[in-house]
Number of protein chains: 2
Amino acid sequence: MKTINLNSESLHTAASMLKVLGHPIRISIIELLDDTNKMSVTEIFKALKIEQAIASHHLNTLKNKRILMSERVGKNTYYSVSDPNLISAVNSVRSYK
Amino acid sequence: MKTINLNSESLHTAASMLKVLGHPIRISIIELLDDTNKMSVTEIFKALKIEQAIASHHLNTLKNKRILMSERVGKNTYYSVSDPNLISAVNSVRSYK
DNA sequence: AGTATAAATTATAATAAGTTAATATTGTAG
DNA sequence: CTACAATATTAACTTATTATAATTTATACT
């Protein structure tokens with residue numbers, strides 16, 4: 001009988017990435033960035049109509065999981081999606097009601 | 001400027017599906033079922049070497065989100081993945097270390 | 001009926017995540 | 001070097017998840 005090792009690191013990585021993607025604000029951030037490629041924190045929190053600190057917090061958790069990359073240009077920090085596969089993960093689940 | 005509505009129902013549905021997929025046991029269940037198509041609770045908890053109650057609990061949360069379907073045959077309940085898109089969502093994220 | 005097997009449910013405790021508000025840091029312009 | 005704008009961090013609090021153990025329900029078999 002086939003058995004599975006639940007302790008593999010890649011399994012935990014995949015799980016934590018999906019879990020982090022599973023939040024409405026974070027999905028919306030991914031979708032904004034899919035459209036526009038790069039956005040600053042200010043652009044993002046205004047587009048989502050949320051507090052700056054909340055945007056920053058979610059951007060940071062996405063960055064910690066290597067879902068987003070960031071680049072500082074002067075006063076601004078621009079975020080972008082690190083890998084198009086992550087957009088696919090979101091899209092796979094986007095058609096449900 | 002483009003703004004996003006965070007309250008849309010489909011956004012919350014997508015988020016909760018990804019969130020539910022984001023757990024090592026639940027990913028492993030999906031992958032087992034991807035291979036074998038249908039498995040009973042007993043087959044699943046033995047393959048994963050976890051408690052029966054834990055398997056049942058995770059199977060139920062996957063079923064509540066309509067990620068799995070179940071069918072009772074005599075004493076056994078067989079679970080299967082309801083939609084191949086959900087396998088893609090997992091696979092999109094499965095290559096990271 | 002009585003017993004064994006399969007699965008589900010419930011309650012609880014531990015851990016993790018999310019929100020909010022306030023404060024701190026960093027960079028640029030004047 | 002001061003002030004402002006942009007972002008990040010921290011701390012306190014609230015809520016959600018998870019694992020575990022114990023119990024319960026359902027079906028089958030003798």
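Calculation notes
Residues numbered from 1 in each chain as written. Chains lettered and ligands numbered in written order. Predicted model: local features only at pLDDT ≥ 70, side-chain atom pairs only at ≥ 80, totals over all residues. Heavy atoms only, no water. Helix = DSSP H or I, 4+ residues; strand = E, 2+ residues; numbered from the N terminus. Buried < 20%, exposed > 50% of the residue type's maximum accessible area, 1.4 Å probe, protein only. Contact = heavy atoms within 4.5 Å. Areas by Shrake-Rupley, 256 points an atom, 1.4 Å probe, with all protein chains shown as cover. Lys, Arg positive; Asp, Glu negative; His and termini not counted. Charge placed at Lys NZ, Arg CZ, Asp CG, Glu CD. Core = buried A, V, L, I, M, F, W, Y, C linked by side-chain atoms within 4.5 Å. Pairing = 2+ DSSP bridges. Axes fitted to C-alpha atoms, helices over the stretch in contact; angles between N-to-C directions. Near = heavy atom within 4 Å. Polar contact = N/O pair within 3.5 Å; in protein donor to acceptor, adjacent residues only side chain to side chain. Nonpolar A, V, L, I, M, F, W, Y, C, P; charged D, E, K, R; others polar.

Novice: Kindly report on the overall build of chain A, identifying the contributing residues and their values.
Specialist: Scanning chain A for helices and strands turns up 5 helices and 3 strands. Ordered by position from the N terminus, the helices and strands of chain A form the series α-α-β-α-α-β-β-α. Oriented by its inertia axes, the alpha-carbon framework of chain A measures out at about 55 × 30 × 20 Å. Residues classed as buried in chain A amount to 48% of the 97 residues present. Long-range pairs, those at least 24 residues apart, make up 54% of the contacts in chain A with a sequence separation of at least 6. Within the structure as shown, chain A displays about 5100 Å² of accessible surface, and the carbon and sulfur contribution to it stands at 49%. When the 13 basic and 8 acidic side-chain charges of chain A are each reduced to a single mean position, those positions are 5 Å apart.

Novice: Any chance you could break down the nonpolar core for me, citing the residues and the numbers?
Specialist: Counting 70 residues, the largest nonpolar core has Leu68 of chain A together with Leu68 of chain B as the members making the most contacts within it. Among residues more than four places away in sequence, those in contact with leucine 68 of chain B are Ile29, Ile30, Leu33, Leu59, Leu62, Lys63, Tyr79, Ser80, Val81 and Ser82 of chain B.

Novice: How would you explain the sheet that holds strand S3 (residues 76-81) of chain B if you had to name every residue and give the values?
Specialist: Residues and elements named next belong to chain B. Read across the sheet, 3 strands follow the order S1-S3-S2 without closing on themselves; strand pairing throughout is antiparallel. This sheet does not close on itself; its edge strands, each paired only once, are strand S1 (39-40) and strand S2 (68-73). Inspection of the sheet shows S1 paired to S3 by 2 bridges, in the antiparallel sense. Note on S3: the bridge partner recorded for methionine 39 is tyrosine 79. Sheet strands touched by helix H4 (residues 52-64): S2 and S3. Its angle to S2, the strand with the most contacts, is close to 120 degrees.

Novice: Tell me about the protein's contact with DNA strand D, residues and numbers included.
Specialist: Taken together, 19 residues sit near DNA strand D, with Thr42, Gln52, Asn76 and Tyr79 of chain A together with His58 of chain B positioned nearest. Counting only the atoms of DNA strand D that lie within 4 Å of the protein, the sugar and phosphate share comes to 73%. At a separation of 3.5 Å, a phosphate oxygen of DNA strand D approaches a polar side-chain atom of serine 56 of chain A. At 2.8 Å, a side-chain N or O of histidine 58 of chain B approaches a phosphate oxygen of DNA strand D. Secondary structure elements with two or more residues in the surface near DNA strand D: helix H3 (41-48), helix H4 (52-64) and strand S3 (76-81) of chain A together with H4 of chain B. Looking at the surface near DNA strand D, its residues break down into 5 nonpolar, 9 polar and 5 charged.

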